[in-house]
Amino acid sequence: MVTLVPVHRQEDLNPFDIAQSQLDEAAAILQLEPAVHAYLREPVRELHVTLSIRMDDGSSRIFKGFRVQYNDSRGPTKGGIRFHPEETIDTVKALAAWMTWKCAVVDIPLGGGKGGVICNPKELSTNELERLSRAYIRQVGRIIGPEMDIPAPDVYTTPQIMAWMADEYSIIKGQNQFGVITGKPLPLGGSKGREDATARGGLYCVREAAKVLDFDTQGATMAIQGFGNAGQFAALLGPELLGTVTVAVSDSQGGIYNPDGLNAADVIAYKKQHGTVVGYPNAQPISNADLLELKVDILVPSALENVITSENAHCIKAKIVAELANGPTTPEADKILYENGVYVIPDFLCNAGGVTVSYFEMVQNAYGRYWSEKTVHERLNEKITNAFHAVHDRARNLQVHNRLGAYCVAVSRVAEAVQLRGWV
Ligand code: NAD
């Protein structure tokens, strides 16, 4: 007699498998032509580079890096560069795919790309970081350019790193080429309003979500996982734009919680001084896992992928999940959240403010004319509000969750461009 042993199926957490399975679901709904579907499942180009860096102690260290151009049917590819010790080619491919859908969902004339270097920037000196940034551009410089592929900041890369990269590319070309990269400091052609654009765009989405859900954001509680560029600005701007109260924030070392609210500026100053939010006075410690399950109105994942999975999705108590991070929710978790009535604002809509203002930066660089902060905010607001309602309406009409609605809006635009160009 055969004894049956129960097998616990492991959820597939490979980000590129997830990106492909999300596309597959949308392709089925859209009844995409099989060849178009197959074409959109893969990046058109990927480059692997090996970088040798002279360290401050005179030794040499070897780093691996990538640049992926996923699809450029609607315009040059665009996407950030991540410096992270756990970077993988599959993460970069997934992020490049999501960039493609992101640019399409906000309807800007760009395709999707992404780059990364496997490194821990926290262990590098400023000089080593500069040498690494410049070496990366010397290798990927042959496939990027203002009309080809335009990088930007992402996790653990900063405006200063963008400045070194723009400078290195300009040296290679023998002339200033600031349009090769966005997220630059203002004196080098950066755009006003770029710094807080990702969080601002996400909060505009929350504002619109609150309208369709008939929910008042004044005094609504918010928990933020990840306290970097995206998370810090969400905490700072939430009270100003929506009247929210941030009760918990976290970073890679842990989190802090105060049900009466945290002062964002104060916590940012503390993190600047101590390198982490952990230990901040007037708050109790909380783990990253527990933060996600807090009973708050708005949960804002702003760190990395795969934090809401089939394991913990049942425990999410927030009314709205505003995904500033890329890929924080797995497909199985998506279904659970939808069934439980949690309103998810999917990543490539919720965090599209960053690339939208990066696109504004490209336009300003091309014309050599710079806009006021007010103009940037107004144009961002218009783009994000339109995109939000296109997604919400599509999801409601199809009776699917918002991520699938967003995929249907974005994929149909990219598929149309691919077919109009006669590629498939
Ligand atoms: P960042 O480097 O400024 O901040 C990342 C934050 O996440 C840091 O506080 C870090 O401590 C924290 N973190 C890292 N690992 C963690 C872990 N295991 N648990 C909890 N916290 C952890 O990066 P960012 O630019 O704010 O990006 C955050 C997310 O937002 C990423 O998914 C990124 O792709 C996405 N995003 C950023 C932008 C942008 O304009 N910066 C645009 C679109 C999407």
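Residues numbered from 1 in each chain as written. Predicted model: local features only at pLDDT ≥ 70, side-chain atom pairs only at ≥ 80, totals over all residues. Heavy atoms only, no water.

Notes on the overall build of the chain
Link 1 in the chain: Looking only at helices and strands, one finds 14 helices and 12 strands in the chain.
Link 2 in the chain: Radius of gyration (C-alpha) of the chain: 21 Å, near the 22 Å computed for a compact globule of 424 residues.
Link 3 in the chain: The dimensions of the chain, computed from C-alpha atoms along their principal axes, are 60 × 60 × 55 Å.
Link 4 in the chain: Evaluated residue by residue, the chain yields a buried proportion of 58% over its 424 residues.
Link 5 in the chain: Contacts in the chain between residues far apart in sequence, at least 24 positions, make up 71% of those at least 6 positions apart.
Link 6 in the chain: Averaging the locations of the 40 positively and 48 negatively charged side chains of the chain gives two centres separated by 6 Å. (Helix = DSSP H or I, 4+ residues; strand = E, 2+ residues; numbered from the N terminus. Rg over C-alpha atoms; globule rule 2.2 N^0.38 Å. Buried < 20%, exposed > 50% of the residue type's maximum accessible area, 1.4 Å probe, protein only. Contact = heavy atoms within 4.5 Å. Lys, Arg positive; Asp, Glu negative; His and termini not counted. Charge placed at Lys NZ, Arg CZ, Asp CG, Glu CD.)

A look at the nonpolar core
Link 1 in the chain: Residues Leu 40, Trp 101 and Ile 345 are the most contacted members of the largest nonpolar core, which totals 90 residues.
Link 2 in the chain: Per-element accounting of this core gives the leading share, 12 residues, to helix H3 (residues 89-105).
Link 3 in the chain: When residues of this core are sorted by domain, at least three fall in each of domain 1 (45-188) and domain 2 (191-424).
Link 4 in the chain: Among all residues touching Ile 345, those that are not within four sequence positions of it are Cys 205, Val 206, Ala 209, Ile 320, Val 321, Ala 322, Glu 323 and Cys 350.
Link 5 in the chain: If you look at the next biggest cluster of nonpolar residues, it comprises 26 residues, including Leu 129, Ala 135, Ala 166 and Val 180. (Core = buried A, V, L, I, M, F, W, Y, C linked by side-chain atoms within 4.5 Å. Domains from an automatic or database assignment.)

Thoughts on the pairing of strand S6 (residues 221-225)
Link 1 in the chain: By the criterion of burial, S6 is predominantly enclosed, with five of the five residues buried.
Link 2 in the chain: Judged by which residues are buried, S6 turns out to be covered on both faces: Thr 221, Ala 223 and Gln 225 on one side and Met 222 and Ile 224 on the other are all buried.
Link 3 in the chain: Looking at chain direction, S6 and strand S7 (residues 245-251) are connected through five bridges and run parallel. Each residue of the ladder has a partner; that of Ile 224, found in S7, is Val 249.
Link 4 in the chain: After leaving S6, the chain enters helix H7 (residues 229-242) and then returns to the sheet as S7, a path that is right-handed.
Link 5 in the chain: With four bridges connecting them, S6 and strand S10 (residues 298-301) associate as parallel partners. Within the sheet, the bridge partner assigned to Ile 224 lies in S10 and is Val 300. (Pairing = 2+ DSSP bridges. Right-handed = clockwise from strand over helix to strand, strands pointing away.)

Re the site of the ligand
Link 1 in the chain: Looking at the ligand, there are 22 residues lining it, with Tyr 156, Thr 198, Asn 229, Ala 303 and Asn 326 nearest.
Link 2 in the chain: Note that an oxygen atom of the ligand is positioned 3.1 Å from one of the backbone N or O atoms of Ser 252.
Link 3 in the chain: At 2.8 Å from an oxygen atom of the ligand is found a side-chain nitrogen or oxygen belonging to Asn 326.
Link 4 in the chain: Protein chains shield 87% of the accessible area of the ligand, which is 820 Å² for the free molecule.
Link 5 in the chain: A breakdown of the residues in the shell around the ligand according to their chemical character gives eight nonpolar, nine polar and five charged.
Link 6 in the chain: Mapped onto the domain boundaries, the shell around the ligand takes at least three residues apiece from domain 1 (45-188) and domain 2 (191-424). (Near = heavy atom within 4 Å. Polar contact = N/O pair within 3.5 Å; in protein donor to acceptor, adjacent residues only side chain to side chain. Areas by Shrake-Rupley, 256 points an atom, 1.4 Å probe, with all protein chains shown as cover. Nonpolar A, V, L, I, M, F, W, Y, C, P; charged D, E, K, R; others polar.)

Focus: the sheet that holds strand S2 (residues 60-71)
Link 1 in the chain: Here five strands make up an open sheet; going across it, the order is S1-S2-S4-S3-S5 and the pairing mixed. The open sheet terminates on both sides in strands that have one partner only, identified here as strand S1 (45-54) and strand S5 (149-153). Pairs of neighbouring strands in the sheet enclose a mean axial angle of 20°, with direction left out of account. (Axes fitted to C-alpha atoms, helices over the stretch in contact; angles between N-to-C directions.)

Regarding the domain arrangement of the chain
Link 1 in the chain: Domain boundaries in the chain define domain 1 (45-188) and domain 2 (191-424).
Link 2 in the chain: Relative placement of domain 1 and domain 2: their C-alpha centres are 23 Å apart.
Link 3 in the chain: Both faces considered, domain 1 and domain 2 share a buried interface measuring about 2900 Å² in area, 66% of it formed by carbon and sulfur atoms.
Link 4 in the chain: Inspection of the region where domain 1 meets domain 2 yields two salt bridges.
Link 5 in the chain: Between Glu 361 and Lys 184 there is a salt bridge, and its shortest N-O distance comes to 2.8 Å.
Link 6 in the chain: Seen at the junction of domain 1 and domain 2, the total is 14 residue pairs in polar contact (both at pLDDT 80 or more). (Buried area = accessible area lost by both parts, 1.4 Å probe. Salt bridge = Lys/Arg side-chain N within 4 Å of Asp/Glu carboxyl O.)

Notes on helix H5 (residues 159-173)
Link 1 in the chain: Spanning 15 residues, H5 covers 21 Å between terminal C-alpha atoms, matching the ideal 21 Å at 1.5 Å per step.
Link 2 in the chain: Listed in full, the buried residues belonging to H5 are Ile 161, Met 162, Ala 163, Trp 164, Met 165, Ala 166, Glu 168, Tyr 169 and Ser 170.
Link 3 in the chain: For H5, the elements touching its buried residues are strand S3 (77-84), helix H4 (126-140) and S5.
Link 4 in the chain: Positive phi shows up at Gly 174, right after H5, with a value of about 75°. (Expected span 1.5 Å × (residues − 1).)

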